[in-house]
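Read off the chains here:
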Amino acid sequence: ARHEGPPHDAPDKRTGVAGSLRLVVSALSFWQISALAFFRYGTLVALQGLWLGPYFMDIKGLAQIETGNVLMMMSIGIIVGSPLAGYLADRVCRSKKYVILTGLALYTLCLLPLTGILDVDRPLTFSVILFLTGVFGSFGTLLYTHIKELFPLSMSGTAIAAVNFFVMSGGAVFMQAMGTIIENFSRAGLSYPAQAYHTAFFICLASMIAGLVFYVFSKDSRRPH
C-alpha cells in the first residue's frame, strides 16, 4: 500500500538539501501544515503586535495603560499554553495533530468576539478572551513537531525550515493586509470606524477556519510504540 508523502526511510543521509526540499514540498501534508501555520502565526502576531492596540484605544475607549495590560494577557497565555500543549501531545493524547486541531479550533473561537458579533466593552472580559487566545494560539507551535515527524530525521531540518518560511510570511502578510482592509474605510474623526476593525478581524477568523478545514485531512504524525 502506498502512503501519502515520503516514507520515513525513503532518503538516506546523502540526500542533499535540494533533494530533501523536493520531497518535502511534494507531500500534501506539508502544504496543509504550512497553510495552518501561515494563518495561525499571521493572525496572532498581527492582532497582538499591531491592530488590537488601536482597536482598544480608538473603538473601546481604553487608556494606553489599560490597553497594555489587556494585551499582556495574551503573552501570559502563550507562556502558559506552550508547555500545556506539549504535555497534552506527549502524555495525554499521543497525537500532535488532534491536540493542534483542538487548540487552534478554540483559538479560532476566541477570535469571534473581536468581529463585533458580541458587545464586549469591559477590560476584564477582554483580558480573559486574550488570555485564552494566547493559550490556545500557542498550540500552533506543535506544527513544527508535526512536520518533523512526517519525514526522516535527515530531512527534519529542511521540513521545519520550509514550514517556518510560511510562518514568517504569515506575520508579514497579515499585518499589511489588515491595514489595507482598515484603510479602505473612511475615517470617523481621528480614527477608523469599528466596522473597519471588525471586518479585518473577521478575515482573521475566516482564514483560520479555512486553514483548519484544510489541515484536518493531513496525515497524522507517527506515534511512539
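Located above this text is the structure these notes cover.
Rules of the game
Residues numbered from 1 in each chain as written. Predicted model: local features only at pLDDT ≥ 70, side-chain atom pairs only at ≥ 80, totals over all residues. Heavy atoms only, no water. Helix = DSSP H or I, 4+ residues; strand = E, 2+ residues; numbered from the N terminus. Rg over C-alpha atoms; globule rule 2.2 N^0.38 Å. Buried < 20%, exposed > 50% of the residue type's maximum accessible area, 1.4 Å probe, protein only. Contact = heavy atoms within 4.5 Å. Lys, Arg positive; Asp, Glu negative; His and termini not counted. Charge placed at Lys NZ, Arg CZ, Asp CG, Glu CD. Phe/Tyr/Trp six-rings, centres within 6.5 Å; stacked < 30°, edge-to-face > 60°. Polar contact = N/O pair within 3.5 Å; in protein donor to acceptor, adjacent residues only side chain to side chain. Axes fitted to C-alpha atoms, helices over the stretch in contact; angles between N-to-C directions. Parallel < 35°, antiparallel > 145°, perpendicular 65-115°, else oblique. Left-handed = near helix turned anticlockwise from the far one by under 90°. Nonpolar A, V, L, I, M, F, W, Y, C, P; charged D, E, K, R; others polar. Patch = residues over 30% accessible without salt bridge, like charges linked within 9 Å, V, L, I, M, F, W, Y side chains within 5 Å. Areas by Shrake-Rupley, 256 points an atom, 1.4 Å probe, with all protein chains shown as cover. Salt bridge = Lys/Arg side-chain N within 4 Å of Asp/Glu carboxyl O.

### Observations concerning the overall build of the chain
In step 1: Helix and strand counts for the chain stand at eight helices and zero strands.
In step 2: Each helix (α) and strand (β) of the chain, taken in turn from the N terminus, gives the series α-α-α-α-α-α-α-α.
In step 3: The C-alpha atoms of the chain give a radius of gyration of 19 Å, which matches the 17 Å a tight globule of 225 residues would have.
In step 4: By principal-axis analysis of the C-alpha atoms, the chain measures approximately 65 × 35 × 25 Å.
In step 5: Expressed as a percentage of the 225 residues in the chain, the buried residues total 45%.
In step 6: Pairs at least 24 residues apart make up 79% of the contacts formed inside the chain by residues separated by at least 6 positions.
In step 7: Side-chain charges of the chain comprise 16 positive and 11 negative groups, with the mean position of each set lying 11 Å from the other.

### Observations concerning the packing of aromatic side chains
For any pair of aromatic rings, geometry is given as the distance between the ring centres together with the angle between the planes.
In step 1: For the structure on display, the rule yields 13 aromatic pairs.
In step 2: An angle of 50° between the planes, with centres 5.7 Å apart, marks the rings of Tyr 55 and Tyr 197 as tilted. With Tyr 55 in helix α2 (residues 28–59) and Tyr 197 in helix α8 (residues 194–215), this residue pair connects regions lying 142 residues apart in the sequence. In this pair, the class of Tyr 55 matches that of Tyr 197, namely buried.
In step 3: Taking 5.1 Å as the distance between ring centres and 85° as the angle between the ring planes, the aromatic pair formed by Tyr 55 and Phe 201 counts as edge-to-face. Residue Tyr 55 is located in helix α2, and its partner Phe 201 is located in helix α8; the two are separated by 146 residues in the primary sequence. Per residue, the accessibility class of Tyr 55 equals that of Phe 201, and both read buried.
In step 4: Members of the aromatic cluster, connected to one another through ring pairs, are Tyr 55, Phe 56, Phe 126, Tyr 197 and Phe 201.

### Here we look at the environment of Ser 221
In step 1: Here Ser 221 shows up in the segment after α8.
In step 2: Overall, Ser 221 belongs to the buried group, its relative accessible area being 6%.
In step 3: Placed 72 residues apart in sequence, Ser 221 and Glu 149 show a C-alpha to C-alpha distance of 5.5 Å.
In step 4: Not counting residues within four places of it along the chain, the set of residues in contact with Ser 221 comprises Lys 96, His 146, Glu 149 and Leu 150.

### Structural notes on the environment of Lys 97
In step 1: As for its position among the elements, Lys 97 is in helix α4 (residues 96–111).
In step 2: Taking the C-alpha atoms as reference points, Lys 97 and Lys 219, 122 residues apart in sequence, are found 8.3 Å from one another.
In step 3: Apart from residues lying up to four places away in sequence, Lys 97 is in contact with His 146, Tyr 215, Val 216, Phe 217, Ser 218 and Asp 220.
In step 4: Only 2.7 Å separates the side chain of Lys 97 from the backbone oxygen of Val 216, close enough to count as a polar contact.

### A word on the packing of α4 against helix α5 (residues 123–137)
In step 1: Contact geometry for α4 and α5: axes closest at 8 Å, N-to-C directions at 155°. Our classification of the angle between α4 and α5 gives roughly antiparallel. The way α4 lies across α5 gives a crossing that is left-handed. Contact residues: Gly 103, Leu 104, Leu 106, Tyr 107 and Cys 110 in α4; Ile 129, Leu 132, Thr 133, Phe 136 and Gly 137 in α5.
In step 2: When the residues that make up the contact of α4 with α5 are grouped by side-chain class, the tally is seven nonpolar, three polar and no charged.

### Details of the packing of helix α1 (residues 17–25) against helix α7 (residues 156–183)
In step 1: For the pair α1 and α7, the least separation of the axes is 9 Å and the interaxial angle reads 60°. Classified by the angle between their axes, α1 and α7 sit oblique to one another. Crossing of α1 against α7: the hand is right-handed. Contacts between α1 and α7 pair Val 17, Ser 20, Leu 21 and Val 24 from the former with Thr 158, Ala 159 and Ala 162 from the latter.
In step 2: In terms of residue class, the contact of α1 with α7 is built from five nonpolar, two polar and no charged.

### Observations concerning a nonpolar patch on the surface
In step 1: Side chains of Leu 21, Val 25, Leu 28, Trp 31 and Phe 214 sit close together on the surface and give an oily, nonpolar patch of about 410 Å² of accessible area.
In step 2: Elements that contribute at least two residues to the nonpolar patch include exactly α1 and α2.

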